[in-house]
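Structural description and commentary
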Amino acid sequence: MRPHVELIDEKDLIWHNAVFQHADGIAEQRNLSYDEEDGSASLEVRFTSDWSRPAGVHHAGTEWFVLSGSVTIGDTELGPEGFWNAPIGVLTPPITVTDGTEILLFREGGDWHFDLAEQDREFVRPDQELVVLHTSEMPWIDVKDGSPMRFDLRGDAGARPVHQAAAS
């Protein structure tokens, strides 16, 4: 379990080579939090060249939030505020990233390992799937109207992953 951290001064965080298996290109990362027991982490990553990685599966639940630049996952291009999430073992399509892009990367329940693959792992449940969202296009529910989980106010924000919306 990651220890609780009260305050972080970003000047204390060191940039170092990013760890991505099976990728072409250069990126650097700084750890915002890191669990030494299982490799779960919150990271800031900046890509210092064009970057790409083929399809495969992560050993951790993996999320990317685009701060600046451009990330293309499968056929979907994400700019700032773009987001994708792949549970452990769920196929992540090929990814390309443009030089200068910055993201927040979150890993939960595992480390940085990534296996090349063409389909989900056999243990993936039907309710586990890749989610790709343009969060800047999602409706805003003001806090004055209550919790985002107030489904009577469409607290789910009517969100449908991009890959599902395209199929509708």
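The residue numbers shown here count from 1 along each chain, following its written sequence. Selection of residues for local features in this predicted model requires a pLDDT of at least 70, selection of side-chain atom pairs for listing and counting requires 80 or more, and totals for whole chains, interfaces and linings are taken over all residues. With hydrogens and water excluded, all non-hydrogen atoms of the structure serve as input to the side-chain values.

**Concerning the overall build of the protein**
Under the scheme used here, helices are H or I runs from DSSP no shorter than 4 residues and strands are E runs no shorter than 2 residues, and both carry numbers assigned from the N terminus. The number of helices and strands found in the protein is one helix and 13 strands. In the protein, the succession of α and β elements from N to C terminus is β-β-β-β-β-β-β-β-β-β-β-β-β-α. Exposure categories follow from relative accessible area, calculated using a 1.4 Å probe and restricted to protein chains: below 20% of the type maximum is buried, above 50% is exposed, and the middle band is partly exposed. A total of 168 residues make up the protein; the buried ones form 36% of that total. Within the protein, residue pairs in contact and separated by at least 24 positions form 70% of the contacts whose partners lie at least 6 positions apart. Throughout, a contact is declared for two residues whenever any of their heavy atoms are within 4.5 Å.

**Here's the deal with empty space enclosed by the protein**
Grid points spaced at 1 Å and placed over the protein atoms alone form the basis of the search, with a cavity being a set where a 1.4 Å probe fits but cannot get out and a pocket an open set showing protein on both sides within 12 Å along at least five of seven lines. Lining residues have an atom within 4 Å of a point. Grid points are joined across faces, edges and corners, and a volume is the space filled by probe spheres set on the points. A full pass over the atoms with the stated rule returns one cavity of 30 Å³ or more. Within this model, the largest cavity holds a volume of roughly 100 Å³. In this structure, the largest cavity is lined by 13 residues; those nearest its centre are V19, F20, H58, R107 and W112. Residues that form the lining of the largest cavity fall into these classes: six nonpolar, four polar and three charged. For this classification, the nonpolar set comprises Ala, Val, Leu, Ile, Met, Phe, Trp, Tyr, Cys and Pro, the charged set comprises Asp, Glu, Lys and Arg, and every other residue, Gly included, is treated as polar.

**Re the sheet that holds strand 11 (residues 102-108)**
Between any two strands, at least two bridges found by DSSP are needed for them to pair. Spatial ordering of the open sheet is given by 1-2-3-11-6-9-13, a layout of seven strands whose pairing is antiparallel. Looking at strand neighbours, the two that pair on one side only are strand 1 (16-17) and strand 13 (131-134), the edges of this open sheet. Taken together, the four bridges between strand 9 (residues 82-86) and strand 13 define a ladder with antiparallel strand orientation. Paired with G82 across the strands is H134, a residue of strand 13.

**Some details on the pairing of strand 6 (residues 61-68)**
Bridge analysis of strand 6 against strand 11 gives seven bridges, and the strand direction is antiparallel. Bridge pairing in strand 11 places T62 opposite R107. Sheet topology note: the strand 6/strand 9 ladder contains four bridges and is antiparallel. Within the sheet, the bridge partner assigned to F65 lies in strand 9 and is F83.

**Quick word on the confidence of the model for the protein**
Detailed reading of the predicted coordinates is not advisable wherever pLDDT is low. For the protein, per-residue confidence averages 87 on the pLDDT scale, and 79% of positions sit at 70 or higher. Low pLDDT, under 50, characterises residues 164-168; the predicted model gives this stretch three contacts beyond four residues in sequence or across chains. pLDDT expresses how confident the predictor is about each individual residue, on a scale running from 0 to 100.

**Description of the pattern of salt bridges**
By definition here, a salt bridge exists when the distance from a side-chain nitrogen of Lys or Arg to a carboxyl oxygen of Asp or Glu is within 4 Å. Taken as a whole and assessed by the stated rule, the structure comprises four salt bridges. Among the ionic pairs, E44 bridges to R30, the shortest N-O distance being 2.9 Å. With E44 in strand 3 (residues 41-47) and R30 in strand 2 (residues 27-34), this residue pair connects regions lying 14 residues apart in the sequence. Residue classification places E44 among the buried residues on the basis of a relative accessible area of 14%.

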